[in-house]
Amino acid sequence: MPPFSFGHPNYLEPPVFRPPSEANSLILQATLGCSHNRCTFCGSYRTKQFKVKPFNQFREEVEQLARKYKLRPKRIFLADGDAFVLTSTQLLEILNLLTKEFSDVERISIYASGTNVQRKTDKELKEIREAGLELIYIGLESGDDEVLKQVNKGITNDEHITMSLRLKQAGFTLSPIIILGLGGKSKSEQHAINTAVTINAIDPPYLAALTLMLVPGTELHTQAQRGEFQPLDPVEILYELRLLLDRLTKLTNCVFRTNHASNYLPLRGILSKDRVQLLGTIDRVLDDPQIMSRLRPDYLRGL
Ligand code: SF4
C-alpha cells in the first residue's frame, strides 16, 4: 500500500483494496467498506461495516498529509469499495478539498457500482467530473443478466450499459472490471458472449479482467462446496477469455489488461489493434502443455 511508504502515520483502516493501476497513488478512504456488500463472490469487506467517514476527519487527514508531511501526489484513489455512493454534495466537498490541498494532482479516481451512479442526475455527474474526479472503475463483473442475478449484483445488464453511457457522456474515463469464471461451468459461454456485447456497447477506454477466486466465508464458496457452483479450471478460464476477446470487435481504443494478481495469464493490449495477437498468445498457451504449466499457480493468485 503506497501511503505506508511515505513515513506518515498509518491512517488507513484495513483491509484496503485498490486496482493494480493505482499502485503509486495516494489512497484516501472517503468511505469504509462497501454499501452493497452482498455480492456472493466477494469477501473484501465482510469484516468491515459500511460507513461514511465524517468529512471533518477526512479533512484533518488530508490537511495533515498535505501540510505536515508535504505529500504532493500526482494521483489519488478514493477508497473504499464504492466511495461513489457518497452524494454529489459530499463528493464535491471532498474534490474541492483535494484540489485545494494537493495542487499537483493530475488524476483522481474511484470505485463505483452501477447503483451509485443511478442515484445521481446527469447534472450532478457533470459537476463531479468538473470538480476533478476523472477515472471511474466500475465493477461490471458480467454482461449476462442470469450471472448478475446469481451473484446478487443488484443491477441488470441494461442498467449497467445505461449508467456507463451516462458516465461517458458526463466526461468520465471508464475502466470496467469483469470477472472471468463468474458464471461457472454452466454459464461460461453466455457469460463471455454477453459480456463482450456489453463492453462493445459501452466502448470504454480501459477494460480489466480479473479471474474468480473462491473466498472462504462467501456464499459462492459455500455453493461450490455444496456442488451447486462448478468453478472453471485454468484451461476453461483461458477458453472463456478467448471467446470474450474474439467477440470484442467494436472497441475504438480500449486498453485491455489481465494484470490483476487473480489471473493465470497476464495480458495487455489495445484491442482495436492487438486483439488478434492476444488471441494468438492464448492459443499458443493452450496448445503447449509446457507453457500451460508456467501459468500463475493458484497459490500465487490473490485479490
Ligand atoms: S463486489 Fe463490489 S459491490 Fe459487490 S460486495 Fe464486493 S465491493 Fe461491494
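Below or above, wherever it landed, is the structure these notes cover. From a predicted model like this one, the values you see are computed outputs, not experimental measurements. (Residues numbered from 1 in each chain as written. Predicted model: local features only at pLDDT ≥ 70, side-chain atom pairs only at ≥ 80, totals over all residues. Heavy atoms only, no water.)

This part is about the packing of aromatic side chains. Any two aromatic rings considered together are summarised by their centre-to-centre distance and by the angle between their planes. As enumerated under the stated definition, the model contains 5 aromatic pairs in all. Arranged with centres 5.1 Å apart and planes meeting at 90°, the rings of Phe-77 and Tyr-111 form a pair that is edge-to-face. Here Phe-77 is found in strand β4 (residues 75-79), whereas its partner Tyr-111 is found in strand β5 (residues 107-112), with 34 residues between them in sequence. Since its relative accessible area comes to 0%, Phe-77 is described here as buried. Relative to Phe-172, the ring of Phe-84 lies with its centre 6.4 Å away and its plane at 85°, an arrangement referred to as edge-to-face. Taken together, the positions of Phe-84 in the loop between β4 and α2 (88-101) and Phe-172 in the loop between α6 (157-169) and β7 (173-180) put the pair 88 residues apart, joining distant regions of the chain. When sorted by exposure, Phe-84 lands in the same class as Phe-172, which is buried. Put simply, the rings of Phe-77, Tyr-111 and Tyr-137 pair up and form one aromatic cluster. Lying across the ring of Phe-84, Lys-120 places its NZ or CZ 4.5 Å from the centre. (Phe/Tyr/Trp six-rings, centres within 6.5 Å; stacked < 30°, edge-to-face > 60°. Helix = DSSP H or I, 4+ residues; strand = E, 2+ residues; numbered from the N terminus. Buried < 20%, exposed > 50% of the residue type's maximum accessible area, 1.4 Å probe, protein only. Lys NZ or Arg CZ within 6 Å of the ring centre and 35° of its normal.)

As a further point, take the pattern of salt bridges. One pass over the full model with this rule turns up 13 salt bridges. Here Glu-63 makes a salt bridge to Arg-67, at a shortest N to O gap of 3.8 Å. Residue Glu-63 and its partner Arg-67 are located together in helix α1 (residues 55-68), separated by 4 residues, close to a single helical turn. One salt bridge connects Glu-141 with Lys-153, and the closest N-O pair in it is separated by 2.7 Å. One end of the pair, Glu-141, is in strand β6 (residues 133-141); the other, Lys-153, is in the loop between α5 (145-150) and α6, and 12 residues separate them in sequence. Lys-153 shares its class with Glu-141; the two are buried. (Salt bridge = Lys/Arg side-chain N within 4 Å of Asp/Glu carboxyl O.)

Turning next to α6. With 13 residues, α6 ought to run about 18 Å at 1.5 Å a step, and its terminal C-alpha atoms sit 18 Å apart, in line with that. Those residues of α6 that are buried lie in contact with α3 (114-118), α4 (122-130), β6, α5, β7 and α7 (188-202). Phi for Gly-171, located one or two positions after α6, is positive at around 100°. (Expected span 1.5 Å × (residues − 1). Contact = heavy atoms within 4.5 Å.)

All right, on to the packing of α1 against α2 then. Remark: α1 packs on α2, axes separated minimally by 10 Å, with the N-to-C direction vectors making an angle of 10°. The orientation of α1 relative to α2 falls into the category roughly parallel. As for how α1 packs across α2, the hand of that crossing is right-handed. On α2, the residues touching Phe-55, Phe-58, Arg-59, Val-62, Glu-63, Ala-66 and Arg-67 of α1 are Glu-93, Ile-94, Leu-97, Leu-98, Lys-100 and Glu-101. In terms of residue class, the contact of α1 with α2 is built from 7 nonpolar, no polar and 6 charged. (Axes fitted to C-alpha atoms, helices over the stretch in contact; angles between N-to-C directions. Parallel < 35°, antiparallel > 145°, perpendicular 65-115°, else oblique. Left-handed = near helix turned anticlockwise from the far one by under 90°. Nonpolar A, V, L, I, M, F, W, Y, C, P; charged D, E, K, R; others polar.)

It is worth spelling out the site of the ligand at this point. All residues in the neighbourhood of the ligand are listed as Cys-34, Asn-37, Arg-38, Cys-39, Phe-41, Cys-42, Tyr-45, Glu-141 and Lys-153. Mapping the ligand onto the cavity grids shows that it belongs to the largest pocket. (Near = heavy atom within 4 Å. 1 Å grid on protein atoms, 1.4 Å probe; cavity = no way out; pocket = protein on both sides within 12 Å on 5 of 7 lines; lining within 4 Å. Sits in = over half its atoms within 2 Å of the grid points.)

Turning next to a negative patch on the surface. Taken together, the side chains of Asp-145, Glu-146, Asp-158 and Glu-159 make up a negatively charged region of the molecular surface. Take Asp-145: it is sitting in helix α5. Residue classification places Asp-145 among the partly exposed positions, given a relative accessible area of 40%. (Patch = residues over 30% accessible without salt bridge, like charges linked within 9 Å, V, L, I, M, F, W, Y side chains within 5 Å. Areas by Shrake-Rupley, 256 points an atom, 1.4 Å probe, with all protein chains shown as cover. Lys, Arg positive; Asp, Glu negative; His and termini not counted. Charge placed at Lys NZ, Arg CZ, Asp CG, Glu CD.)

With respect to topology, 8 strands assemble into an open sheet ordered β1-β4-β5-β6-β7-β8-β9-β10, the strand pairing being mixed. Only two strands of the sheet have a single neighbouring strand rather than two, namely β1 (26-29) and β10 (268-270). In this sheet, neighbouring strand axes are inclined to one another by 20° on average, regardless of whether the strands run parallel or antiparallel. Of the pairings in the sheet, the one linking β6 to β7 comprises 6 bridges and is parallel in character. Bridging from a neighbouring strand, Gly-139 pairs with Ile-177 of β7. Across the sheet, α2 is in contact with β1, β4, β5 and β6; its angle to β5 comes to roughly 150°. (Pairing = 2+ DSSP bridges.)

At the junction of Pro-14 and Pro-15, the peptide bond is cis and its omega measures out at 0° in the coordinates. Turning to its location among the elements, Pro-15 is positioned in the segment before β1. Asp-80 follows Ala-79 through a cis peptide bond whose omega is 5°. Relative to the helices and strands, Asp-80 resides in the loop between β4 and α2. For Glu-141, which is not a glycine, the phi torsion comes out positive at approximately 70°. The phi dihedral of Asp-203 falls on the positive side, at around 50°, and the residue is not glycine. Within the secondary structure layout, Asp-203 lies in the loop between α7 and β8 (206-211). Take Asp-203: its relative accessible area is 17%, and that puts it in the buried class.

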